[in-house]
Amino acid sequence: MQSAVILIDVEKGQINAVAQRLAELEGVSEVFSTCGRYDLVAIARTRDFESLAQLVTERLMQVEGIHDTETLNAMQVHSRHDLETMFSLGW
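So, here's what we can say about the structure.

### A closer look at the sheet that holds strand β1 (residues 2–10)
Thinking step 1. Taken in spatial order, the four strands of this open sheet run β2-β3-β1-β4, and their pairing is antiparallel. With partners counted over all chains shown, the strands left at the sheet margins are β2 (28–33) and β4 (66–73), one partner each. Geometrically, the sheet is characterised by an average inter-axis angle of 20 degrees between neighbouring strands, direction not taken into account.
Thinking step 2. Where β1 and β4 come together, seven bridges link them in antiparallel fashion. Opposite Ala 4, over in β4, you have Asn 73 as the bridge partner.
Thinking step 3. Sitting on the sheet, helix α1 (residues 15–23) touches β1, β2, β3 (40–46) and β4, and the angle it makes with β2 is about 165 degrees.

### Concerning the pairing of β2
Two faces make up the sheet, and in a regular strand the side chains alternate between them.
Thinking step 1. Taken together, the five bridges between β2 and β3 define a ladder with antiparallel strand orientation. Across the sheet, Val 28 pairs through a bridge with Ala 44, a residue of β3.
Thinking step 2. What sits between β2 and β3 in their antiparallel hairpin is a turn of six residues, with Gly 36 showing a positive phi close to 120 degrees.

Scoring rules and cut-offs
Residues numbered from 1 in each chain as written. Predicted model: local features only at pLDDT ≥ 70, side-chain atom pairs only at ≥ 80, totals over all residues. Heavy atoms only, no water. Pairing = 2+ DSSP bridges. Helix = DSSP H or I, 4+ residues; strand = E, 2+ residues; numbered from the N terminus. Axes fitted to C-alpha atoms, helices over the stretch in contact; angles between N-to-C directions. Contact = heavy atoms within 4.5 Å.

Fair warning: the whole summary comes from geometry, so function is off the table for now.
Following this line, the structure appears as structure tokens:
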């Protein structure tokens, strides 16, 4: 399993539309809108490095409205938390 954090700059007025399109891509598990340097943060989880590379260099770049990205490829997981439960609203 490959995981990555993708930091995304979006063209003005396109944040929600881009976030929705990213969330539909296979390999993107979550998309967060954020305050600060980047407009969106996408969490990618793929079966192998080749799938991650294809997601970032091909499919992600086809999403209209993305201005720039920076991908942080995860090397190790250091967590005792169940992230799905942690980010769940529990409704």
